[in-house]
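Residue strings, one per chain:
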Amino acid sequence: MTTDARHYDAILAPVITEKATMLTENNQVVFQVPLTATKPQIKEAVEALFKVKVKAVNTVRVEGKIKRFRGQIGKRSDFKKAIVTLNEGDTIDISTGL
Amino acid sequence: MKITEKSKDGLSVVYNITVEVAELNESLDAKIKEIAPTLNLKGFRKGKVPTAHVKRLYGKGIMGDLLNELVQKGIDQAVNDNNVRPASNPEVGNVDNVDAILDGKAALVFDVSMDILPEFEVVDVATLSITRPVTEATEEEVTKALEEIAANSKAYEAKTGKAKNGDAVICDFVGKIDGVEFQGGAANDAQVVLGSNTFIPGFEDALVGVKAEDETVINVTFPADYGVVELAGKAATFDIKVKEVKAPKESKIDDELAKTVGLETLDSLKDAVKADIERQFASLSRTKAKRSLLDALDASHSFELPPKMVEAEFDAIWQQVQADKAQGNVDPDDEGKSEDELKGEYKVIAERRVRLGLVLAEIGRVGEVQITDQELQGALFREASRYPGQERQVLEFFQKNPNMMAQLRAPLYEEKVVDYVLSKAKVDDVKVTREELEAEDEEPQADAKPAKAKKAAPKAKKEETSEEKPKKAAKAKDEAASEEKPKKAPAKKAAKAKE
C-alpha cells in the first residue's frame, strides 16, 4: 500500500502518556486523530505510514474540559484518540516520529 | 572493564581499556533507574516514567555522561591496578565509532597515554650533609648600625650667630612674583636645612649668614623644569623673617637616641639592632643552606624524569626567556649564544627543577609533612595585606580560585619540607664572616632573576595544578614541582657552573 497525503491527515500525533506506554505491552499504540477520522481510514493510514499490519482499531472521542477563566466559561477542544492494535510481531517506535 | 598495558617507553605508558557492551548497558540501565524517579515528564505522573521510555528519550545523552565517567574510572583503575602515579594529565585517544557506543551497540575501547612518576628511592635525609654558613652580629656591626641610626635622627639646637651650611633656619617666608603673592609660596615656622637642597636652588644659599630675628628679601629664580608650570622659570622674591638659627647637634649613642626611636634605654636599642642584624644573617644563611641542600639532593638522585613534566617546565622557562628578550632584557650570560645552546642550557635547568620538585615532594610525603589550614590562612592574609585597601577582594579571589590557593600552598609546602630536611640532615655550621656570608649570597640574588623565575612560575603552576586531578597523591608532587620554580631560577647558574 502506497502512502498518500490523506494518510497523513488521518493521524495527528502519538499520545505519549503513562497509560499509552503501558498499552505497548499489549502491542497497542495510541494516536490522536481528527474527530472526523474513521476506523478504516486510521487503519489504512497506520498500515501505509508505519508499514505494519493492523489487527484492530478502537476509537474514543475525548470531550474537552469546561474551563473557567475570570468568570468566563471556556471549553477545551474535543479530540479523538485511536487505540491501534498491531499484528503480532509488528512494532512502532512512537518517540522517533515520522 | 579490561585494562592491558599496550606499550611502555620509559616513563610514558599507554594503557588499552575495554568496556564490554553488556557492562555498558548495565551501567546505563542502572543510571536510568537512578534518575527516573526524579523525572517529571508531561503525560506521566512525577517519577512514573517507564525506564524503557526514558532510555528511548534520553539514552544517548545519558550514555555520553556515562562514557565520560567510565573513561575516568578506567583511568583511575589503570592507575590503581598498576600501582603507578601519573605525572601528567592522562590523554585519551583512539576512540572509534562513538555513535555505535552511544547506542550501546559497540564496546568502549580506548587508549590512555600518560607519564608516570618515576619510582625512586629517596636518600635518607639523615645522611645528607649540608653546610650552613653562620655568622654572629659583632659588637662592631651593632655600633655601626647604631651610628647610622644616630645620623638619621639628627637633632638641632638653637644657636646664636650666623647660619652656616648644615644649619637649620626656622623662618617665615612669603614668596612673591612681580610683587604679587603666589599660591603655596608662603609658610610660617618652616625649617630650612641649609645645604639640604630641598628648596628651590638659590633659596638655601641665600639664607647662609642670616641671624635670628633677621628680616631680609631674597631673589631666586624658579628652575625651568619646576613642577608647577606657572612658576617655572619665573623670578621670585621671598620676604624672609628669620626666627631662629639652629646648629645640628652631635647625636650621641645614648639613652636619648633610644628614646627618639621609641625605646626605653640604649641597651634595649642595642638588643633590637643586634636581633635585627641576626635576623638578616639567619635568613641569608638559611638561603645558603637551602641551596646547599638542593645541590646535595640533586647530586644524590638520578632517575628518569617524566618527559611531559620536563617539557612543561621547559616551555614555561623558555616562554619567559622569549618574553624577556622581546623586552630587551637579555641575560648577560646568554648573550652571543645560539638558540640551540640556550635551549640546551634551559633544558638542564628544567630537568633539575623537575627532579628536585619530585624529590622534595617525595621527602615531604614520606616525612608526612603537611600544611595546616592555619598556615595557609596566614599566608593568605599576608598575601592580602600586600594590596592595602583591597584585602577583601584579594581574599575572595583566592577563595574562589583553588588554583591560586594551590599556588599559595606550594611555597609553604616547600619551605616546610626544607625545614624538615634541615632538621633531620647533618648540618654543619660553618662560621664565616659577614662578608663571606653576603658574598656567597650575591650569587643567588644575581641569578635569581626574580622576574624570570617568578613570572614563569604561576603559569607552570597552573598547568601542574590541572594535572593534579588524576590522583591525590600526585597532587603533592606537582605542587612541589611547581614550588621549585621560583627558587630554581638560580639553578641556571648552578647548572651552568656544573657544566
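Look above for the structure.
Numbers given for residues are sequential positions, taken from 1 along each chain in its written order. Here the convention is simple: chains get letters from A, ligands get numbers from 1, in the order in which they are written. For this predicted model, a pLDDT threshold of at least 70 governs which residues receive local features, and a threshold of 80 or more governs which side-chain atom pairs are given and counted, while totals over whole chains, interfaces and linings are taken from all residues. Calculation of side-chain values draws on the structure's entire complement of heavy atoms; hydrogens and water are dropped beforehand.

Enquirer: Explain the overall build of chain A here, please?
Expert: Each helix is a run of H or I in the DSSP string that is no shorter than four residues. Each strand is a run of E no shorter than two, and both are numbered from the N terminus. Summing up its helical and strand segments, chain A has three helices and six strands in all. Listed by position from the N terminus, the elements making up chain A come as α-β-α-β-α-β-β-β-β. Residue burial is assigned from relative accessible area. The probe radius is 1.4 Å, only protein chains are included, and a residue is buried under 20% of its type maximum, exposed over 50%, and partly exposed in between. Taking all 98 residues of chain A together, 35% fall into the buried category. Residue contacts follow a heavy-atom distance rule, with two residues in contact if any of their heavy atoms lie within 4.5 Å. Taking the intrachain contacts of chain A between residues at least 6 apart in sequence as the baseline, contacts between residues at least 24 apart amount to 61%.

Enquirer: Any chance you could explain the overall build of chain B here in plain terms?
Expert: Within chain B, the regular secondary structure consists of 16 helices and eleven strands. Burial status across chain B gives 41% buried among its 499 residues. Taking the contacts inside chain B whose residues are at least 6 apart along the sequence as the reference set, 74% of them involve residues at least 24 apart.

Enquirer: Any chance you could explain helix α8 (residues 307-327) of chain B here in plain terms?
Expert: An α-helical turn contains 3.6 residues, so a residue and the one three or four places further along point in the same direction. Residue and element names in this part refer to chain B. Under the convention used throughout, the expected extent of a helix is 1.5 Å for every residue step, that is, one less than its residue count. Compared with the 30 Å implied by 1.5 Å per residue over 21 residues, the 30 Å span of α8 between its first and last C-alpha is a close match. Inspection of α8 places Met309, Val310, Ala312, Glu313, Phe314, Ala316, Ile317, Trp318, Gln320, Val321 and Asp324 among the buried residues, and these make up the whole buried set. Looking at the residues trailing α8, positive phi occurs at glycine 328, about 90 degrees.

Enquirer: When you look at the interface of chain B and chain A in this model, what are you seeing that I'm missing?
Expert: Accessible area lost during the coming together of the parts is what is often quoted as the interface size. Listed by partner, the interface residues are nine residues for chain B and six residues for chain A. Approximately 630 Å² of surface area, both sides summed, lies buried where chain B meets chain A, with 56% of it carried by carbon and sulfur atoms. The working definition used for a salt bridge is a side-chain nitrogen of Lys or Arg within 4 Å of a carboxyl oxygen of Asp or Glu. For the pair chain B and chain A, the number of links is one salt bridge. With a closest N to O distance of 2.6 Å, B:Arg45 and A:Glu18 form a salt bridge. Buried area is a sum: the accessible area each of two parts loses on coming together, probed at 1.4 Å, counted once for each and added.

Enquirer: In this structure, what is going on with the pairing of strand β5 (residues 72-75) of chain A? I would like to understand it.
Expert: A regular strand places its side chains on the two faces of the sheet in alternate fashion. Residues and elements named next belong to chain A. Relative to β5, strand β4 (residues 66-69) runs antiparallel, the two sharing four bridges. Pairing of phenylalanine 69 across the sheet is with glutamine 72, part of β5. Between the end of β4 and the start of β5, which pair antiparallel, lie two residues, with arginine 70 showing a positive phi angle near 55 degrees. When DSSP finds at least two bridges between two strands, those strands are taken to pair.

Enquirer: Could you clarify how one ought to interpret the side chain of A:Thr85 in this entry?
Expert: For A:Thr85, the location among the structural elements is in strand β6 (residues 79-86). Leave out the neighbours within four places in its chain, and A:Thr85 touches A:Asn26, A:Asn27, A:Gln28, A:Val54, A:Lys55 and A:Ala56.

Enquirer: Sorry, what's going on with a positive patch on the surface here?
Expert: Each patch is assembled from residues with relative accessible area greater than 30% and no salt bridge, linking like charges that lie within 9 Å and nonpolar side chains (Val, Leu, Ile, Met, Phe, Trp, Tyr) that lie within 5 Å. Computed by Shrake-Rupley with a 1.4 Å probe, the accessible areas treat only the displayed protein chains as cover when residues are assessed. When charges are tallied, Lys and Arg are placed among the positive residues and Asp and Glu among the negative ones, while His and the ends of the chain are skipped. The atom standing in for a charge is NZ when the residue is Lys, CZ when it is Arg, CG when it is Asp and CD when it is Glu. Together, A:Lys65, A:Lys67, A:Arg76 and B:Lys42 line one region of the surface with positive charge. Its location among the elements puts A:Arg76 in the loop between β5 and β6.

Enquirer: Could you clarify how one ought to interpret the pairing of strand β2 (residues 28-33) of chain A in this entry?
Expert: Residues and elements named next belong to chain A. Burial of β2 is extensive: five of the six residues sit out of reach of the surface. Relative to β2, strand β1 (residues 13-14) runs antiparallel, the two sharing two bridges. Looking across to β2, one finds that alanine 13 is bridged to glutamine 32. Judged from the six bridges that link them, β2 and β6 form a sheet pairing that is antiparallel. The partner of valine 29 across the bridge, within β6, is valine 84.

Enquirer: I would appreciate a short explanation of the packing of helix α10 (residues 373-385) of chain B against helix α11 (residues 391-400) of chain B in the present structure.
Expert: To describe two helices that pack against each other, one gives the angle between their axes and the distance between the axes. Residue and element names in this part refer to chain B. Close contact between α10 and α11 brings their axes to 8 Å; oriented N to C, the two are set at 135 degrees. As the angle between them shows, α10 and α11 are arranged oblique. In this structure, α10 crosses over α11, and the sense of that crossing is right-handed. For the pair α10 and α11, contact is made by Leu380, Phe381, Glu383, Ala384 and Ser385 and by Glu391, Val394, Leu395 and Phe398, respectively. For the contact of α10 with α11, the residue count by class is six nonpolar, one polar and two charged. Each axis is a line fitted through C-alpha atoms, taken for helices only over the stretch in contact, and angles between the N-to-C directions span 0 to 180 degrees. When an angle is under 35 degrees it counts as roughly parallel; over 145 it counts as roughly antiparallel; between 65 and 115 it counts as roughly perpendicular; any other value is oblique. Each helix crossing is assigned a hand: it is left-handed if the near helix lies turned anticlockwise from the far helix by less than a right angle, otherwise right-handed if that turn is clockwise. Gly is put with the polar residues, along with every residue not named as nonpolar or charged; the nonpolar set is Ala, Val, Leu, Ile, Met, Phe, Trp, Tyr, Cys and Pro, and the charged set is Asp, Glu, Lys and Arg.

Enquirer: I keep staring at the sheet that holds strand β1 (residues 2-9) of chain B and nothing clicks. Help me out?
Expert: Strand pairing in a sheet relies on backbone hydrogen bonds. The paired strands run either parallel or antiparallel. Residues and elements named next belong to chain B. The sheet built from four strands is open, its strands ordered β1-β2-β4-β3 with antiparallel pairing. A single partner strand is all that each edge strand has here, and the edge strands are β1 and β3 (91-93). On average, adjacent strands in this sheet sit at an angle of 25 degrees to one another, irrespective of strand direction. Where β1 lies against strand β2 (residues 12-19), seven bridges are found, and the strand directions are antiparallel. Directly across from isoleucine 3, in β2, lies its bridge partner isoleucine 17.

Enquirer: Explanation requested: the packing of aromatic side chains in the structure shown.
Expert: Residue and element names in this part refer to chain B. Centres within 6.5 Å make a pair out of two Phe, Tyr or Trp rings, where for Trp the six-membered ring is used; the pair is then stacked when the planes are under 30 degrees apart, edge-to-face when over 60, and tilted otherwise. This structure, assessed with the given rule, holds three aromatic pairs over all chains. On the basis of an interplanar angle of 65 degrees and a centroid distance of 6.0 Å, the ring pair of tryptophan 318 and tyrosine 346 is categorised as edge-to-face. Highlighted residues: tryptophan 318 in helix α8 and tyrosine 346 in helix α9 (residues 339-366), separated in sequence by 28 residues. Side by side, tryptophan 318 and tyrosine 346 carry an identical accessibility label, which is buried. Aromatic rings pair up to connect Phe314, Trp318 and Tyr346 into one cluster. Think of it as a cone above the ring: NZ of Lys or CZ of Arg counts as a charge over the ring if it is within 6 Å of the ring centre and within 35 degrees of the ring normal. For the cation-ring pair, lysine 347 lies above phenylalanine 314, with the distance from its terminal atom to the ring centre recorded as 4.8 Å.

Purely spatial values, then, with no claim about function.
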